[in-house]
Amino acid sequence: MCRHQLYLGPPVSLTQLLVEPPYGLYRQSWAPRDMRGGGTVNVDGFGVGWYTPTGPVRYRRAGPIWADPGLVELGRATAAGAVLAAVRSATPGMPFGETACAPFTDGRWLFSHNGVVAGWPDSVAALAAALPVTDLLTLDAPTDSALLWALLRHRLRSGADPGTAITDTVTGVLAAAPASRLNLLLTDGERAWASAVGHSLSVLAGPERLTIASEPSDDDPAWRPVADRRLVVADRHTYTVEDLCGSTSS
């Protein structure tokens, strides 16, 4: 079912974000605390995306995050002020490999999905058929997460506001596959949008920094859970939580 995390704030090392926290993504790969029936471990690959002056950079691997010594070395030497990372728990029947791991990217966008599309692939065949053929032929992998990215990216390319694009993607998939879990996470390196549908999501806000994660990475009491069927819209300074149908709260 996967776990993901997004950070916006002053530059910090990847090791500080992912490895050092007591319940960070590194530990969540083998000991997640809030999977809600969506598997037990997240060892089917991982990915980290961070922003440089020229755009996002990705590091993805097919194995568990804790089995890759290169990540720890890279993490110590790499600092960034915008990071999206994920550890993967592959849905049975879906392929393995680096290309199946988030984050997915296009231009300045980084994207991740925590969840599952119920009834895959038949349930969303009609949605996939509405995409340009080239989008289907160039999917990173034949997985539900990669298709969700293609559906969302198509709306973004058509000029939709990111929050609207996520909302429309989520509602369209839920109409076709109501039992789906659709925690989507999107960033352009300055702002972030995250849906909570069927799975856990929390936000930690501090001075000039913000973290959105599948589950808290430490015991800081400032973590706030996000209710189901909500959309988080955030930047480094503030965030709002909106109902996927339109109402807003802070």
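None of these values were measured; they are calculated from a predicted model. (Residues numbered from 1 in each chain as written. Predicted model: local features only at pLDDT ≥ 70, side-chain atom pairs only at ≥ 80, totals over all residues. Heavy atoms only, no water.)

Draft legend 1. Summary view of the layout of surface pockets. Computed from the structure, the largest pocket encloses a volume of approximately 260 Å³. If you go around the largest pocket, you meet 13 residues; those closest to its centre are Tyr7, Leu17, Leu204, Thr211 and Asp218. Elements represented by at least two residues in the lining of the largest pocket include exactly strand 1 (3-13), helix 1 (14-18), strand 9 (202-206) and strand 10 (209-213). The residue inventory of the lining of the largest pocket, partitioned by class, reads six nonpolar, five polar and two charged. (1 Å grid on protein atoms, 1.4 Å probe; cavity = no way out; pocket = protein on both sides within 12 Å on 5 of 7 lines; lining within 4 Å. Points joined across faces, edges and corners; volume = space filled by probe spheres on them. Helix = DSSP H or I, 4+ residues; strand = E, 2+ residues; numbered from the N terminus. Nonpolar A, V, L, I, M, F, W, Y, C, P; charged D, E, K, R; others polar.)

Draft legend 2. Here's a closer look at the packing of aromatic side chains. Evaluation of the coordinates by the stated rule reveals five aromatic pairs. When the ring of Phe111 is compared with that of Trp149, the centres are 5.2 Å apart and the planes differ by 15°; the resulting orientation is stacked. On the criterion of sequence distance, the pair formed by Phe111 in strand 6 (residues 109-116) and Trp149 in helix 6 (residues 144-157) is long-range, its members being 38 residues apart. Neither Phe111 nor Trp149 differs from the other in exposure class; each is buried. Through a chain of ring-to-ring contacts, the aromatic side chains of Phe104, Phe111 and Trp149 assemble into a single cluster. The ring of Tyr23 has Arg33 sitting right over it, with the charged end atom 3.6 Å from the ring centre. In this arrangement the basic side chain of Arg61 is found over the ring face of Tyr59, its NZ or CZ atom lying 4.2 Å from the centre. (Phe/Tyr/Trp six-rings, centres within 6.5 Å; stacked < 30°, edge-to-face > 60°. Buried < 20%, exposed > 50% of the residue type's maximum accessible area, 1.4 Å probe, protein only. Lys NZ or Arg CZ within 6 Å of the ring centre and 35° of its normal.)

Draft legend 3. Structural detail: the nonpolar core. Counting residues in each nonpolar core, the largest one holds 30 residues, and the members touching the most others are Phe111, Trp149, Leu152, Ile166, Val170, Leu182 and Leu186. Elements that contribute at least two residues to this core include exactly strand 6, helix 6, helix 7 (162-176) and strand 7 (181-187). Top contributing element to this core by residue count: helix 6, with eight residues. Setting aside chain neighbours within four positions, we find Ile166 in contact with Leu152, Leu184, Leu186, Trp193, Ser195 and Leu231. (Core = buried A, V, L, I, M, F, W, Y, C linked by side-chain atoms within 4.5 Å. Contact = heavy atoms within 4.5 Å.)

In short, geometric facts, not functional conclusions.
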